[in-house]
Amino acid sequence: MKLRNGWVDVARRVPSPNYNVRPRGVSLSLIVIHNISLPPGQYGGTCIERFFQNCLPSEEHPYFEEISELEVSSHFLIKRDGELVQFVSCDDRAWHAGASCYEGQENCNDFSIGIELEGQDDEQYEPEQYAKLKVLTQALMSAYPSLNSEQITGHSDIAPGRKTDPGPAFDWSRFREGL
């Protein structure tokens, strides 16, 4: 797995319009792990991709009415089968963290890469997801020397009280082993 101009060569590209340029002089220093399922608790399909592309039809599911106006994205999605999808170049600022703070530094979108795992807080993630997440993380650390294995956190840690993902089902020890 290699990066070129912020894009991972083996990822399926599904460009999102929900990004902008990182602030001048800011370097990558954080990886944020998230989870998502759309509709909630359902896996597969293209709903997450359509959501990050602002193409999620609100009439398709009651939950979609609540989120259809949001403009969000992440750099990556790792599906249940381990498929890697990329929405935003790592060189750009994806809109994944929202109001957030890491070690006293606010606006985590400015200096982080967001990785979504298809899943829920309380449901075990798949072995294929851990394997792909580990390889992706290693590739990111190789491409961006300012990243390291100590600078990886959950969405819940940078937005406590507002977010809970990746949740208690995410096995941090399993993920970090061998990084």
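The coordinates are above.
Remember, predicted model here, so these are calculated numbers, not experimental data. (Residues numbered from 1 in each chain as written. Predicted model: local features only at pLDDT ≥ 70, side-chain atom pairs only at ≥ 80, totals over all residues. Heavy atoms only, no water.)

### Looking at the packing of aromatic side chains
In total, this model carries eight aromatic pairs according to the counting rule given. Taken together, a centroid distance of 5.9 Å and an interplanar angle of 50° make the contact between phenylalanine 170 and phenylalanine 175 tilted. Residues phenylalanine 170 and phenylalanine 175 agree in their burial class; the two are buried. Note on tryptophan 172 and phenylalanine 175: the rings are 6.2 Å apart at their centroids and 70° apart in plane angle, and the pair reads as edge-to-face. (Phe/Tyr/Trp six-rings, centres within 6.5 Å; stacked < 30°, edge-to-face > 60°. Buried < 20%, exposed > 50% of the residue type's maximum accessible area, 1.4 Å probe, protein only.)

### Considerations on the pattern of salt bridges
Tallied over the full model, the rule gives seven salt bridges. Arginine 80 is paired through a salt bridge with glutamate 123; the nearest N and O atoms lie 3.8 Å apart. Taken together, the residues span a long stretch of sequence, with arginine 80 in the loop between β6 (76-78) and β7 (84-86) and glutamate 123 in the loop between β11 (112-118) and α3 (127-143) at a distance of 43 residues. Judged by its relative accessible area of 12%, arginine 80 falls in the buried class. Several salt bridges share partner residues, and in doing so they unite Arg12, Glu49, Lys79 and Glu83 into one network. (Salt bridge = Lys/Arg side-chain N within 4 Å of Asp/Glu carboxyl O. Helix = DSSP H or I, 4+ residues; strand = E, 2+ residues; numbered from the N terminus.)

### Section: the nonpolar core
Ranked by size, the top nonpolar core spans 24 residues in total, and within it Phe76, Ile115 and Leu140 carry the most contacts. Elements with a contribution of two residues or more to this core: β5 (30-36), β6, β11 and α3. With five residues, α3 is the largest single contributor of residues to this core. If we ignore the near neighbours within four places in the chain, the residues touching isoleucine 115 are Ile31, Val32, Ile33, His34, Ser74, Phe76, Ile78, Leu133, Leu136 and Leu140. Residues Ile36, Leu56, Phe64 and Val88 belong to the second largest nonpolar core, which totals 15 residues. (Core = buried A, V, L, I, M, F, W, Y, C linked by side-chain atoms within 4.5 Å. Contact = heavy atoms within 4.5 Å.)

### Remarks on unusual backbone geometry
Across the junction of leucine 38 and proline 39, the peptide omega takes the value -15°, indicating a cis bond. Inspection of the secondary structure puts proline 39 in the loop between β5 and α1 (47-52). With an omega of 10°, the peptide bond running from aspartate 165 to proline 166 counts as cis. Looking at the element boundaries, proline 166 is found in the loop between α4 (155-158) and α5 (172-176). Although it is not a glycine, asparagine 5 adopts a positive phi angle of roughly 55°. Note that asparagine 5 resides in the loop between β1 (3-4) and β2 (7-8). In the Ramachandran plot, asparagine 54 falls in the positive-phi region, its phi being about 60° despite a non-glycine side chain. Tracing the sequence through the fold places asparagine 54 in the loop between α1 and α2 (62-67). On the basis of relative accessibility, which here comes to 33%, the residue asparagine 54 falls in the partly exposed class.

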